Amino acid sequence: MALAAGARVQARALLRPWSRVPSAAPGRTPAAGGGGPGARCFGSPRVLVEPDPAAGVAVMKLRKPPVNSLSLELLTELVISLEKLENDKSFQGVIITSDSPGIFSAGLDLMEMCGRDPAHYAEYWKAMQELWLRLYLSHLVLICAVNGVSPAGGCLLALSCDYRILADNPKYTIGLNETQLGIVAPFWFADTLVNTIGHRAAERALQLGLLFPPAEALQVGIVDQVVPEDQVQSTARSVMAQWLAVPDHARQLTKNLMRKATADRLLKQRDADIQNFVSFISRDSIQKSLHVYIEKLQKKKG
Amino acid sequence: MALAAGARVQARALLRPWSRVPSAAPGRTPAAGGGGPGARCFGSPRVLVEPDPAAGVAVMKLRKPPVNSLSLELLTELVISLEKLENDKSFQGVIITSDSPGIFSAGLDLMEMCGRDPAHYAEYWKAMQELWLRLYLSHLVLICAVNGVSPAGGCLLALSCDYRILADNPKYTIGLNETQLGIVAPFWFADTLVNTIGHRAAERALQLGLLFPPAEALQVGIVDQVVPEDQVQSTARSVMAQWLAVPDHARQLTKNLMRKATADRLLKQRDADIQNFVSFISRDSIQKSLHVYIEKLQKKKG
Amino acid sequence: MALAAGARVQARALLRPWSRVPSAAPGRTPAAGGGGPGARCFGSPRVLVEPDPAAGVAVMKLRKPPVNSLSLELLTELVISLEKLENDKSFQGVIITSDSPGIFSAGLDLMEMCGRDPAHYAEYWKAMQELWLRLYLSHLVLICAVNGVSPAGGCLLALSCDYRILADNPKYTIGLNETQLGIVAPFWFADTLVNTIGHRAAERALQLGLLFPPAEALQVGIVDQVVPEDQVQSTARSVMAQWLAVPDHARQLTKNLMRKATADRLLKQRDADIQNFVSFISRDSIQKSLHVYIEKLQKKKG
């Protein structure tokens, strides 16, 4: 597949900060990852990877406090982590979750979209496309353990997996709420939502920028399961076991059969989509809105 | 957009009968419409428009007794009213409803399709296409307050809006029941239904020509909400307020993103679709069926 | 339509074994079929046809014990039976069911796919395509009375009909479970499932190779109705009456409108699809898997 040669080069340039990091799960015996006799946590500064090669599974945790916003660095590290796991035959499945329960991911990083030059916007958007393409077509089984609020790009991350489990907390809403911020979800965000909840529900959710609390999220089908907060990770493990019981090659081909046309729509107009994003985000009116919004967020924190 | 130059010319020719008319809502203070300090009802003979510029909303009422059949004149006046509201920046939303509770609209006007010449059929069908294209892609928020029975073309009108509220009366059925009359819903009617209730439900409903009573209509998703009959208009108002709270430009672009491909399918083969309609409706067998059906209806009335 | 000239020739070559056979329904008065004054059962060795020309309906029963696997002969006889009923104006509808309650159909016949030469695989696959195209676009109303387990190709048969009634027996599961056997459902199997249960449910069901027991089958929409086992045939009759009450020509055109694009996808790449099948099934690894699987099945029986 001709995915993002550019982003890959960039990813490699980032390999230097890549390093093994101590496991966040105390009491768990760390061992050598990547097909070795045991598993040691590894990852990059913003993505913690806890491998369990015996099970063929790794847990990938977003770790960019405070809200796991999808900065260029986080996007790139996510692509690298995923690529690394895909190239390691020890792994058939990945559980994606947040290292900061309460926030799965706040979505696109407004700081990457405000006050920068067009070349930066283009690089940023290409990285966003790359992550989606990688996730959506990954031959790995991807289970999303949504352990926190998940708007916009955070929701897209979840939608790009094979199965979504949401913690049953009324604060943990999920949805593509771009219109509420005065922006428009790109067509491939919309396609991914339509493929998940159907055309009508997607049309309404996208126009209104709806964020669904757990019960509604389950009903509309934006997540597959809602479980008590302390059971999200264990449920993800059992669901993963069910998916890994399927002959892997047949499952991979079937996934590709179901998703290729949607991914191809972006691949065929990838540069145009980048140009659209750059010219949209560069508009004075949008820059002003983002600026106001960021200031509001910063006051809220302060 | 290159919509219906022909129908527009015709619409302008009809502008002469256009006139301010007394409001049908007694007790409401009439005031100047169109962005002025207040609102006065206006409209055309068959379409009553009650503007509320303070709220950014107008109510558009079909007024072609006894059954609001979509005659060429009604279609043209609907297009003109909509165009007028779209060009007036005071309005962001329109509630479409019937001035004759009990009948939302009986759909296509059989009198326009029976015993006329091909040029008339072509003109009529072009006007029908034009209304659908206008409604389906309108940048205004369109809420349909379905306060009566709504078969065939009446149902299409409702499906072309952004949200549908049906009065909870078992007589108020809604659906594309063309096959029951021995005719076939055109592909863009079918597309609109598929986009609303999905492929399988649409396939079954279209083949059987199903008319759904309120509970079933809600379950299959052909309407979004069912409320007691006396709450249809007030519910439409509150739903409208929810939709108008979304930043308007982002919502408009999102609506276009979701609907453009479906509208383009018709735009790309608009003339062929007209030719299909003309040759289908001109068939002796169809003319005979329509004739018999019209006589039956007239006896029923008499 | 330019369907399967090849398969037709072959079908004609099989016409010799075609013969009237005694009815399997004792107590029912056999009479002359095909529009005659009454109805006599007819059919071919593997397809029993019980005509009821007075009702305009025939019941077509799969009769290839023990599991109604879709051998080349069964596929060909099904196509011939269907063609015969389509060409006989006495019939507007067909109820498809199994002559061996407990098994609707086990799907593709592994014996046709194992240890044969490429020419045979190609012939077999063309016959499978032909059956699907015939069923999916049939102008007859097809009601499927699913009176037994219905995996893979058996499920496809059911999905290609207009309405599916499943006997309420927890053993009677239905689904496209190809991945569980290490193979991949072809794109037109997937398209048919997507058209029935939507993209998301199809994606999950296909990846996991899910077989749905009755309650789940109804909920996901892979069948339209679940009834007690002894009411499957009578329910099929009443549902058929509802469908036959619709003006036939309008219903046929509407069915074609809804299904043509999906059928065309296969027609446009029919040869490529055959080549894909032949090269996939000819692989050593697949041949070995099938061999092991067949041996396991045979031991199970013995």
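See above for the structure.
Just so it is clear, the structure is predicted and the values come from calculations on it, not from any experiment.

Rules and cut-offs
- Residues numbered from 1 in each chain as written.
- Chains lettered and ligands numbered in written order.
- Predicted model: local features only at pLDDT ≥ 70, side-chain atom pairs only at ≥ 80, totals over all residues.
- Heavy atoms only, no water.
- Least-squares fit on C-alpha atoms with pLDDT ≥ 70 in both.
- Contact = heavy atoms within 4.5 Å.
- Salt bridge = Lys/Arg side-chain N within 4 Å of Asp/Glu carboxyl O.
- Polar contact = N/O pair within 3.5 Å; in protein donor to acceptor, adjacent residues only side chain to side chain.
- Helix = DSSP H or I, 4+ residues; strand = E, 2+ residues; numbered from the N terminus.
- Buried < 20%, exposed > 50% of the residue type's maximum accessible area, 1.4 Å probe, protein only.
- Expected span 1.5 Å × (residues − 1).
- Axes fitted to C-alpha atoms, helices over the stretch in contact; angles between N-to-C directions.
- Parallel < 35°, antiparallel > 145°, perpendicular 65-115°, else oblique.
- Left-handed = near helix turned anticlockwise from the far one by under 90°.
- Nonpolar A, V, L, I, M, F, W, Y, C, P; charged D, E, K, R; others polar.
- Core = buried A, V, L, I, M, F, W, Y, C linked by side-chain atoms within 4.5 Å.
- Pairing = 2+ DSSP bridges.

Caption draft 1: Layout of the relation of the copies chain B and chain C. With an RMSD of 0.0 Å, the operation that places chain B on chain C is a rotation of 120 degrees combined with a shift of 0.0 Å along the axis. The transformation just described matches what one would write down for a three-fold rotation axis. Closest approach to the rotation axis among the C-alpha atoms of chain B is made by Gly-198 of chain B, whose C-alpha sits 4.2 Å away.

Caption draft 2: Representation of the interface of chain C and chain A in the model. Every contact between the two is made by 20 residues of chain C and, on the other side, 20 residues of chain A. Run the count over chain C and chain A and you get 2 salt bridges. Taking the shortest distance from any N to any O, the salt bridge between Glu-203 of chain C and Arg-259 of chain A comes out at 2.8 Å. Linking chain C to chain A there are 8 residue pairs in polar contact (both at pLDDT 80 or more).

Caption draft 3: The arrangement of the pattern of salt bridges in detail. If you walk through the whole model with that rule in mind, you get 57 salt bridges over all chains. Among the salt bridges present, the one from Arg-46 of chain A reaches Glu-77 of chain A, with a minimum N-O distance of 2.2 Å. One end of the pair, Arg-46 of chain A, is in the loop between strand E1 (42-44) and strand E2 (47-52); the other, Glu-77 of chain A, is in helix H2 (residues 72-86), and 31 residues separate them in sequence. On the basis of relative accessibility, which here comes to 2%, the residue Glu-77 of chain A falls in the buried class. We note a salt bridge from Arg-134 of chain A to Glu-130 of chain A, for which the minimum N-O separation is 3.2 Å. Remark: Glu-130 of chain A and Arg-134 of chain A occur in helix H3 (residues 118-137); sequence separation between them is 4 residues, near one turn of the helix. With a relative accessible area of 8%, Arg-134 of chain A lands in the buried category. In the salt-bridge network here, residues are joined through shared partners; they are Asp-162, Arg-164, Asp-224, Lys-255 and Arg-259 of chain A together with Arg-200 and Glu-203 of chain C.

Caption draft 4: Here's a closer look at helix H10 (residues 270-282) of chain B. End to end, H10 of chain B covers 18 Å across 13 residues, agreeing with the expected 18 Å (1.5 Å per residue, within 8%). Of all the positions in H10 of chain B, only Arg-270, Asp-273, Ile-274, Phe-277, Val-278, Phe-280 and Ile-281 of chain B are classed as buried.

Caption draft 5: A look at the packing of helix H3 (residues 118-137) of chain B against helix H9 (residues 248-268) of chain B. Residue and element names in this part refer to chain B. Contact geometry of H3 with H9 gives a least axis separation of 9 Å together with a crossing angle of 165 degrees. The orientation of H3 relative to H9 falls into the category roughly antiparallel. As for the relative orientation of H3 and H9, their crossing is left-handed in sense. Where H3 abuts H9, its residues Gln-129, Trp-132, Leu-133, Leu-135, Tyr-136 and Leu-137 lie against Lys-255, Asn-256, Arg-259, Lys-260, Thr-262, Ala-263, Leu-266 and Leu-267. Here the contact of H3 with H9 is built from residues that sort into 8 nonpolar, 3 polar and 3 charged.

Caption draft 6: Region of interest: the nonpolar core. Counting 273 residues, the largest nonpolar core has Ile-143 and Ile-222 of chain A, Ile-143 and Ile-222 of chain B together with Ile-143 and Ile-222 of chain C as the members making the most contacts within it. Each residue touching Ile-222 of chain A, except ones within four places of it in the same chain, is listed here: Cys-155, Leu-159, Arg-164, Ile-174, Gly-175, Leu-193, Thr-196, Ile-197, Phe-212 and Ala-217 of chain A.

Caption draft 7: Focus on the pairing of strand E10 (residues 163-167) of chain A. All names here are of chain A. E10 sits mainly inside the fold: 5 of its 5 residues count as buried. Where burial is concerned, the two faces of E10 agree: the one with Tyr-163, Ile-165 and Ala-167 and the one with Arg-164 and Leu-166 are both buried. Here strand E8 (residues 141-146) runs beside E10; their pairing, made up of 4 bridges, is parallel. Residue pairing for E10: Ala-145 is matched across the bridge by Ile-165.

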